[in-house]
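Listed below are the residues making up each chain.
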Amino acid sequence: QVQLVESGGGLVQAGDSRALSCIASGLTLSKSVMAWFRQAPGKKREFVAAVTWSDTLYGDSVKGRFTASRDNGKNTLRLQMNRLKPEDTAVYYCARQGRSGRTIDAANYDYWGQGTQVTVSS
């Protein structure tokens, strides 16, 4: 049974940094394309970052501020968020790409965590 559990969310000030983690069980992270998405109230789920076998992809709104990585030994996906802005406020989800297609498309992901709330105050 696959389980993804995010942690690390909370309330931060604009300009602060925050690190999120996603611990995976039931799958091997090193054999999967894993991603972070986020969803703000009233908005569509947005691609944040993905770690593939050969590359790391970022959404335009976080490029240069966020860094995604994975620790294969701990089967954990991480997201380091720097220079946070109020518009980064959202629930952040980690997910496993289980279908072929664009990595930035949420429809191609089959397993999702429950999400962790990040709130950035101005």
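Here, every reference points to the structure presented above.
Residues numbered from 1 in each chain as written. Predicted model: local features only at pLDDT ≥ 70, side-chain atom pairs only at ≥ 80, totals over all residues. Heavy atoms only, no water.

Undergrad: Explain the pairing of strand β4 (residues 34–39) to me, please; I cannot follow it from the model alone.
TA: Along any regular strand, the residues point their side chains to alternate faces of the sheet. Of all six residues that make up β4, five are buried, and the element is covered over most of its length. For β4 and strand β5 (residues 46–51), the ladder comprises five bridges, and the chain directions are antiparallel. Looking at the pairing, R38 lines up with E46 of β5. The antiparallel pairing of β4 with β5 creates a hairpin that spans six residues between the two strands, and G42 there sits at a positive phi of about 75 degrees. (Buried < 20%, exposed > 50% of the residue type's maximum accessible area, 1.4 Å probe, protein only. Helix = DSSP H or I, 4+ residues; strand = E, 2+ residues; numbered from the N terminus. Pairing = 2+ DSSP bridges.)

Undergrad: Looking at this model, I keep getting lost on the pattern of salt bridges. Mind explaining?
TA: Opposite charge on two side chains permits pairing when their charged atoms draw close. Under the definition given, this model contains six salt bridges. Across the pair D60 and K63 runs a salt bridge, and its minimum N-O distance is 3.2 Å. Note on D60: relative accessible area 66%, which makes it exposed. The partner of R96 in a salt bridge is D110, and the shortest N-O contact between them spans 2.9 Å. (Salt bridge = Lys/Arg side-chain N within 4 Å of Asp/Glu carboxyl O.)

Undergrad: Quick question: what am I supposed to make of the packing of aromatic side chains here?
TA: In this structure the tally under the stated criterion is five aromatic pairs. Taken together, a centroid distance of 5.7 Å and an interplanar angle of 75 degrees make the contact between F37 and F47 edge-to-face. Separated by ten residues along the polypeptide, F37 in strand β4 and F47 in strand β5 bring together distant segments of the chain. Judged by its relative accessible area of 0%, F37 is buried. A relative accessible area of 10% means that F47 is categorised as buried. On the basis of an interplanar angle of 75 degrees and a centroid distance of 5.0 Å, the ring pair of F37 and Y109 is categorised as edge-to-face. With F37 in strand β4 and Y109 in strand β10 (residues 109–112), this residue pair connects regions lying 72 residues apart in the sequence. Like Y109, F37 is buried. Three or more aromatic residues joined by ring pairs make a cluster, and in this case those are F37, F47, Y93, Y109 and W112. The ring of Y93 carries R45 above its face, with NZ or CZ at 4.0 Å from the centroid. (Phe/Tyr/Trp six-rings, centres within 6.5 Å; stacked < 30°, edge-to-face > 60°. Lys NZ or Arg CZ within 6 Å of the ring centre and 35° of its normal.)

Undergrad: Is there a simple way to think about the sheet that holds strand β3 (residues 18–25) in this case?
TA: Pairing within the open sheet is antiparallel, and its four strands lie in the order β1-β3-β8-β7. On the outer flanks of this sheet lie β1 (3–7) and β7 (66–71), each paired with one strand and no other. Going from strand to strand, the sheet's axes swing by 15 degrees on average, the running direction of each strand aside. (Axes fitted to C-alpha atoms, helices over the stretch in contact; angles between N-to-C directions.)

Honestly, it's all geometry; don't read function into it.
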